[in-house]
Amino acid sequence: MTLRLYNTLTHRLEEFVPLAPPRVTLYTCGPTVWNYAHIGNFRTFVFEDVLRRYLAYAGYAVEHVMNLTDVDDRTIGAAARAGVRLAAHTAPFADAFFEDCRYLRIAPAAQYPRATRFVPQMVDLVQRLLDRGVAYRGDDGSVYFGIDKFPAYGRLSQVDRRELKAGARVSSDEYDKADARDFVLWKAAKPEDEAVGAAWDAPFGRGRPGWHLECSAMAQALLGETMDIHAGGVDLIFPHHEDEIAQSEAATGKPLARFWLHAEFLQIAGTKMSKRYGNIVTARDLREDGWDAAAIRTLFCSTQYRKQLQFTDDALRAAATGAARLAEFRARLASAPPGGGGGLPALARALEAAFGAAMDDDLDAPRALAALMDFVRDANRELDQEGGAAPASRDAALAAFDRVAEVLQVVPAPSAAVSITATSAPGAGSGAAAVAGEDPVPPAAGEDVAAWAERLARIRFAARGRKDWPRADRARTLLQEHGFEVRDTKEGVQVVPRRQVPGA
RNA sequence: GGUGCCGUAGCCAAGUGGUAAGGCAGAGGUCUGCAAAACCUCUAUUCGGCGGUUCGAAUCCGCCCGGCACCUCCA
C-alpha cells in the first residue's frame, strides 16, 4: 500500500513518506472559540479525523496537535460585547467544541494548545524575526513581517506578488504597514484589547499576537521545526498558511511542513456555510434533531475531501439510510448462526484491498464507502444462501468490517434501547405460555418500555404460532407506534428500535 | 482583474485513453399470513456544449457555457 496525498505546496499528488516512520506529526488548524463551530467547520475536522485514523490503520503512530484560537478579532469583539474577560467568553465555546467532537466521533488530538497559553513562545518567535531583520516595527507600535525578505512567499497559494497588490480587500486594511502585502505578527495593544484582558507585555511593546503567529509558535513548540502534515480548510491557504510558512521558515530556515492538505468547503444552497450569510447549521442542531453522527459522517464521506460538498436534508436523509444499512448488517453478521459462510474470508480480504486502494488514492472516501457497501451486499448474499457463518469465517468478516468502520466511523452506534428476540426456546417457553392469551396493550405509565416491548414480542410470537393474525397484528402495530420495528424470523419475533431518520 | 476547484442518471458520486462502480429514491420479483430486513432484476447508447488528436476519449488538447471558492484574520 502506498498512500498518495495531494500536496498543496507542490500542487500535485505525492507519495506520503513521513520524516521518521512510523511517527507522523500532524498539525491541524482548529476552531476559533468565539461561537459554536458549524458543520462546515466540522467537515474539515471530520476529514482530518479520517486522515489520522487512516494513517493509524496504515500502521503509523500519529501525533496529532490541534490548536484552539482563543484570541483574535472575533473572540475579543464577542467578549467585549458580552462585557466579560476574553477567557470567560472562550471557555464555554471550547467546552462545546469538545462536546461536539465527541458527538461526531472525532478522535481526540494528543494536544489542544490554546494561543493564550503560548504567548511567551510567540514573543520569542517575533523577537527572532526582528533580530533577523525580516520583521519591523510600524509607527503604530505593531510588528510586521516584511515579505520582500522572504523570496519563497506565495509558493503555497500561487498568488502572484504583483496581483496581491491589487487584492480586493487591501484598501480596507487598517494597519500601518510598509507594504500592503506585509502581515502583522504582533498587534499593538488597543484599549478594547486591554478591556477584555487580551494584551501581553513584550520587549517590542505591549500587544497581542497576530492571527498566524500562534500556529507557528505552537507547532514548533510541540512538534518541532518540521512536521509531516499540516492540514486545514481551503480558505486557510491564503493568507493564514502562507504567512505561517513565511514566519516559521524565516526563523528556522527549515520547511514548516512537508505536506499541506486542504479540505474544500461544505456548501448549503450553493454557497459556503458562514455566519456572514446566516446559513449556519451547528453540530448541536443536528444532534438535537436526533441525527446519529454516523449519518453525518456518511454524508461527508460521500464526497472526496477536495471537492465541495452539498449539505441538504435529502442528502443527509439518504446518508442516514445508508448508514442504517451498515448497522443492520453489522448486527446480522455478529449474531449469525454457526455453519457455512465459507466465502466470507475472501470477501473480507477483498474489502480491505479495495478500501486500502481507495484511501491510498488521496483518501477517496466515496470509493472506500462503495467498497464497504459492496462487501455488505456480497456478505448479505452469502448469509442468505448459507443461512449462517462458521465462527472463524464470521470473525474474519467482522474484523475486516470493523477495521474499515473504525477509520470512517460511519456505522451508527448500537442503540441503547432493546433488541429482543422472543422465542419458544427453553427459558422463554414459560413466558410464551404466560402471555399466550394476553391481549396487547400500550405500555402503562412508568412501565419499562424494554420489558413491555419484550412482552409484546412474546404475545406476537404466541399469536403467530396459533395463526391468530388479528392479535399478532395488534402487537406489531402497537410496537411500531412506540418506535419499534418488528421482524419475524425463523428463530422468533425480533423487536428492534426503528432506524433513525429524522424528518422522514 | 488574478488564482484555484468543479460540471457523469431524479439526487449524491466513483472512474483520468479501452468501451459507464456504489449509494439514495423509484418499478418489478424472491421470502413472508401480511409485513420488515435481506437478496435478485430493471432505471445514463452516454459523461455541460462545440471542435481536435487517436484504431479507440467521460478520460488528452483548444474554445465556449455554467457553478463554487480564495485574493489580509472565514474550516
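Enquirer: Help me understand unusual backbone geometry in this model?
Expert: A negative phi angle characterises most non-glycine residues, just as the trans form characterises most peptide bonds. Across the junction of Pro21 and Pro22, the peptide omega takes the value 5°, indicating a cis bond. Mapped onto the secondary structure, Pro22 falls in the loop between β2 (12-15) and β3 (23-28). In this structure, the amide linkage connecting Phe238 to the following residue, Pro239, adopts the cis form with an omega of 5°. Mapped onto the fold, Pro239 is located in helix α8 (residues 237-252). The backbone of Ala269 sits at a positive phi, close to 55°, despite the residue not being glycine. Its place among the elements puts Ala269 in the loop between β11 (266-268) and β12 (271-272). One non-glycine residue, Lys467, lies in positive phi territory at about 60°. With respect to the helices, strands and loops of the structure, Lys467 is situated in the loop between α16 (449-465) and α17 (469-481).

Enquirer: Quick question: what am I supposed to make of the protein's contact with RNA strand B here?
Expert: The local shell around RNA strand B holds 67 residues, among which Arg181, Lys187, Gly233, Gln267 and Lys272 are the closest. Take Asn41: an N or O atom from its side chain is 3.3 Å from a sugar or linking oxygen of RNA strand B. In the environment of RNA strand B, a phosphate oxygen lies 3.2 Å from a nitrogen or oxygen atom belonging to the side chain of Arg367. Element by element, the count of residues in the surface near RNA strand B is highest for helix α13 (residues 365-386), at nine residues. Residues of the surface near RNA strand B, tallied by class, amount to 20 nonpolar, 19 polar and 28 charged.

Enquirer: Whenever I open this one, the packing of aromatic side chains confuses me. Can you help?
Expert: Aromatic ring pairs are defined here through the distance separating the ring centres and the angle between the ring planes. Scanning the entire structure with this criterion turns up 19 aromatic pairs. The interplanar angle of 20° and the centroid separation of 6.5 Å between the aromatic rings of Tyr153 and Phe183 together place this pair among those described as stacked. On the criterion of sequence distance, the pair formed by Tyr153 in the loop between β6 (143-145) and α5 (161-165) and Phe183 in strand β7 (residues 183-188) is long-range, its members being 30 residues apart. Comparing Tyr153 with Phe183, the two get one shared label, buried. An angle of 85° between the planes, with centres 5.7 Å apart, marks the rings of Phe329 and Phe375 as edge-to-face. One end of the pair, Phe329, is in helix α11 (residues 313-334); the other, Phe375, is in helix α13, and 46 residues separate them in sequence. You can call Phe329 buried: its relative accessible area is 1%.

Enquirer: Before we go on, may I ask you to explain helix α14 (residues 391-408) in this structure?
Expert: It helps to recall that an α-helix has 3.6 residues per turn; residues three or four apart then point in one direction. The first and last C-alpha atoms of α14 sit 25 Å apart over 18 residues, in line with the 26 Å expected at 1.5 Å per residue. Among the residues trailing α14, Gln409 stands out with phi positive, at a value near 55°.

Enquirer: Can you help me understand the domain arrangement of chain A in this one?
Expert: Interfaces are often sized by the accessible area lost when the parts come together. Taken domain by domain, chain A comprises domain 1 (23-272), domain 2 (291-408) and domain 3 (420-497). The gap between the C-alpha centroids of domain 2 and domain 3 is 31 Å.

Enquirer: Explain the pairing of strand β1 (residues 4-7) here, please?
Expert: Moving residue by residue along a regular strand, the side chains alternate between the two faces of the sheet. Burial of β1 is one-sided: the residues Leu5 and Asn7 facing one way are buried, the residues Arg4 and Tyr6 facing the other way are not. Bridge count between β1 and β2: four bridges; the pairing is antiparallel. Each residue of the ladder has a partner; that of Asn7, found in β2, is Arg12.

Enquirer: For this particular structure, what's the right way to read the sheet that holds strand β5 (residues 135-137)?
Expert: By way of backbone hydrogen bonds, the strands of a sheet pair with one another, either parallel or antiparallel. In space, the four strands of this open sheet follow the order β5-β6-β7-β8, with antiparallel pairing throughout. Lying at the two open borders of the sheet, with one neighbouring strand each, are β5 and β8 (207-209). Direction aside, neighbouring strands of the sheet carry axes that sit 25° apart on average. Pairing analysis gives three bridges linking β6 to β7, with the strands arranged antiparallel. In the strand pairing of β7, Tyr144 is matched with Val184.

Enquirer: It is not clear to me how the environment of Met218 should be interpreted in this structure. Could you clarify?
Expert: Tracing the sequence through the fold places Met218 in helix α7 (residues 213-223). When near neighbours in sequence (up to four residues on either side) are disregarded, Met218 contacts Tyr27, Asn67, Pro113, Arg114, Ala115, Phe118 and Leu223.

Enquirer: Would you explain the packing of helix α10 (residues 293-301) against α11 in this entry?
Expert: Helix packing for two helices is described by the angle between their axes and how far apart those axes are. Following both chains from N to C, one finds α10 and α11 inclined at 110°, their axes separated by 8 Å at the closest point. One element, α10, and the other, α11, form an angle in the roughly perpendicular class. Residue-level contacts link Ala294, Ala295, Ile296, Thr298 and Leu299 of α10 to Ala315, Leu316, Ala319, Ala320 and Ala323 of α11.

Rules and cut-offs
Residues numbered from 1 in each chain as written. Chains lettered and ligands numbered in written order. Predicted model: local features only at pLDDT ≥ 70, side-chain atom pairs only at ≥ 80, totals over all residues. Heavy atoms only, no water. Helix = DSSP H or I, 4+ residues; strand = E, 2+ residues; numbered from the N terminus. Near = heavy atom within 4 Å. Polar contact = N/O pair within 3.5 Å; in protein donor to acceptor, adjacent residues only side chain to side chain. Nonpolar A, V, L, I, M, F, W, Y, C, P; charged D, E, K, R; others polar. Phe/Tyr/Trp six-rings, centres within 6.5 Å; stacked < 30°, edge-to-face > 60°. Buried < 20%, exposed > 50% of the residue type's maximum accessible area, 1.4 Å probe, protein only. Expected span 1.5 Å × (residues − 1). Domains from an automatic or database assignment. Pairing = 2+ DSSP bridges. Axes fitted to C-alpha atoms, helices over the stretch in contact; angles between N-to-C directions. Contact = heavy atoms within 4.5 Å. Parallel < 35°, antiparallel > 145°, perpendicular 65-115°, else oblique.

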